Amino acid sequence: MTTNNDLEFMSQAVEVAKEARLRSSPNPWVGAVVVSEGKIISTAATGSHGELHAEAQALSEAGEKARGATLYTTLEPCSHQGLTGPCTEAIMSSEISRVVIAIKDPDEKVSGSGIDTLLEAGIEVELGPGAPEVLEQLASYLHHRNTGFPYVVLKLAATLDGRIAAPDGTSTWITGEEARADVHLLRAESDAVCVGAGTVRTDDPQLTVRAIKGKDPRRIVVGDIPDEALVQPAESWTGDLNDLLNNLGSQGVLQLLVEGGADVAGRFHREGLIDRYIIYIAPALLGGDDGKALFSGTGAPTMEQIQRGRFTSITQLGNDVRIDLILEEN
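Keep in mind that this is a model prediction, so the values were computed, not measured.

*Asks:* Tell me what's going on with the sheet that holds strand β12 (residues 276–282), and back it up with residues and numbers.
*Replies:* Taken in spatial order, the 8 strands make up an open sheet running β10-β9-β8-β11-β6-β12-β15-β14, and their pairing is mixed. Strand pairing shows two members of the sheet lacking a second neighbour, β10 (235–237) and β14 (309–317), which therefore form its edges. Taking each pair of neighbouring strands and ignoring which way they run, the sheet shows an average axis angle of 25°. Of the strand pairs in this sheet, strand β6 (residues 151–159) and strand β11 (residues 255–258) are connected by 4 bridges, and their pairing is parallel. Of the residues in β11, the one forming a bridge with Leu-154 is Val-258. Across the sheet, helix α7 (residues 177–189) lies against β6, β11, β12, β14 and β15 (320–327), angled at about 160° from β12, the strand it touches most.

*Asks:* Could you give an account of the sheet that holds strand β4 (residues 98–103), with specific residues and numbers?
*Replies:* Taken together, the 5 strands give an open sheet; going across it, the order is β2-β1-β3-β4-β5, and neighbouring strands pair in mixed fashion. With partners counted over all chains shown, the strands left at the sheet margins are β2 (39–45) and β5 (124–127), one partner each. Averaged over all adjacent pairs, the angle separating strand axes in this sheet is 20°, with direction ignored. Across 5 bridges, strand β3 (residues 70–75) lies against β4 in parallel orientation. Within β4, the position partnered with Leu-71 by the bridge is Val-99. Sheet strands touched by helix α2 (residues 54–62): β1 (31–36), β2 and β3. Its angle to β2, the strand with the most contacts, is close to 135°.

*Asks:* I'd love a proper account of the environment of Glu-64, names of residues and values included.
*Replies:* Secondary-structure assignment places Glu-64 in the loop between α2 and β3. Given the relative accessible area of 60%, Glu-64 is considered exposed. For the pair formed by Glu-64 and Ser-94, sequence separation is 30 residues and the distance between their alpha carbons is 7.5 Å. Side-chain polar atoms of Glu-64 contact the side chain of Arg-67, separated by 2.8 Å.

*Asks:* Describe the pattern of salt bridges, listing the residues and the values that go with them.
*Replies:* Per the counting criterion, the structure on display carries 13 salt bridges. For Glu-95, the salt bridge is made with Arg-67, and the minimal N-O distance between the two is 3.1 Å. Taken as a pair, Glu-95 in the loop between α3 (87–94) and β4 and Arg-67 in the loop between α2 and β3 lie far apart in primary sequence, 28 residues in all. The class of Glu-95 is partly exposed, set by a relative accessible area of 43%. Between Arg-187 and Glu-259 there is a salt bridge, and its shortest N-O distance comes to 2.7 Å. Residue Arg-187 is found in helix α7, and its partner Glu-259 is found in the loop between β11 and α10 (262–270); the two are separated by 72 residues along the sequence. Accessibility assignment for this pair places Arg-187 and Glu-259 in one class, buried. Within this structure, Glu-136, Asp-182, Arg-276, Arg-322 and Asp-324 form a network of salt bridges that share partners.

*Asks:* Report on the pairing of strand β8 (residues 192–196), specifying residues and quantitative values.
*Replies:* For β8, the tally of buried residues reaches 5 of 5 residues, placing the bulk of the element in the interior. Neither face of β8 is open: one carries Ala-192, Cys-194 and Gly-196, the other Val-193 and Val-195, and all of them are buried. Examined bridge by bridge, β8 and strand β9 (residues 218–222) share 5 bridges and lie parallel to one another. The residue bridging Val-193 from the neighbouring strand is Arg-219, located in β9. Each parallel crossover has a hand, and the one from β8 via helix α8 (residues 197–203) to β9 is right-handed.

About the criteria used
Residues numbered from 1 in each chain as written. Predicted model: local features only at pLDDT ≥ 70, side-chain atom pairs only at ≥ 80, totals over all residues. Heavy atoms only, no water. Pairing = 2+ DSSP bridges. Helix = DSSP H or I, 4+ residues; strand = E, 2+ residues; numbered from the N terminus. Axes fitted to C-alpha atoms, helices over the stretch in contact; angles between N-to-C directions. Contact = heavy atoms within 4.5 Å. Buried < 20%, exposed > 50% of the residue type's maximum accessible area, 1.4 Å probe, protein only. Polar contact = N/O pair within 3.5 Å; in protein donor to acceptor, adjacent residues only side chain to side chain. Salt bridge = Lys/Arg side-chain N within 4 Å of Asp/Glu carboxyl O. Right-handed = clockwise from strand over helix to strand, strands pointing away.

Rendered as C-alpha cells:
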C-alpha cells in the first residue's frame, strides 16, 4: 500500500534523476533512493552510458545499511546483462526488503521481468507511487521505446504577433539571453537537432551548446548544406521525414529537437510528427502581416478543423515567456 512517505521519497528520487538528464542517453535518466528506518541512506542517478545504473550505484553507496531497507527507483530495475550487470542482482545481493517503483520499463529487454525477478526472490514490490511525474520526466525515453521513433520537440521563437522573422528574413535575436540559454539546455537534452537549409543560409547557426555545460547534439539539415556553414559538421537529409525519424530512432536517438524555420516546422506539423511544441514569445511586435509566420504552407481551412491541445507549462524567462504545448490526439 502506497503511503505518504512513499510519495515523499519517490519525489526525492525524481529530483535526483534530473542529475542524469544530460549524460545518460541512450539509457534512461533514473533516480534511486535507499531508505532505512525513515531516513535516506544514499541517493544516486544513472551514470554516463556504460557506467552504473542508479539502483546499483545507490546500493553500492549504502553498503551494509541497505540490508532490510527500502529502495525507491523511478523506473523498473533492469534484469538483463548489458554494459553493466543486472540491477536486480545488485538489489537481491544487498538484501533489500522492499522496492518501490514509479513505472514499468517498456523496453523489450525489461518489460516487467525486473519486477517478476524481485517478486520471485521474495522481495516486496510496490508499483505506481510518483508515476505521473516520472511519465513526464521520461517522456522522450518512453516514447522511443514504445514507438521506435525519437520524441520530436519543435522549438520556435516569435514576437507577440506571431512572427519568427522580419520581412527581410532576419530573426536574430527575437528573444533575450535567458530564453536563448534555455534553448541551449534543450539542445543538450536532445540527441539530435534539425533545421532547414533556408535557416542555414539565412541565419548560419552553429546549433551547439554554448550557454551551459553540456554535449553538442548531432546536427541535421533538411536540404543541402554549404561547405562553409557554421553548422558543420552536419548531416544532410533530403528524403521523407518519417524515414528520417525511423533512421534516427534505430540509431538510439531518443529526442530530436526541430528548430525550424517555418518551412521545416510546417512540414513536421502537417505530417503530425511533433510530440511537443515549445514556443518562446518575446514582448515585441513587428506590427504587420509581412513578417514570417511560425509555419509556412497551408493550415486548417476552417475553425472546425483547428488543432487544439493543452499548455503543459508556461515559464517566465527574463522578459520572454516559454509556452509548452501538447496537441490532443485526433
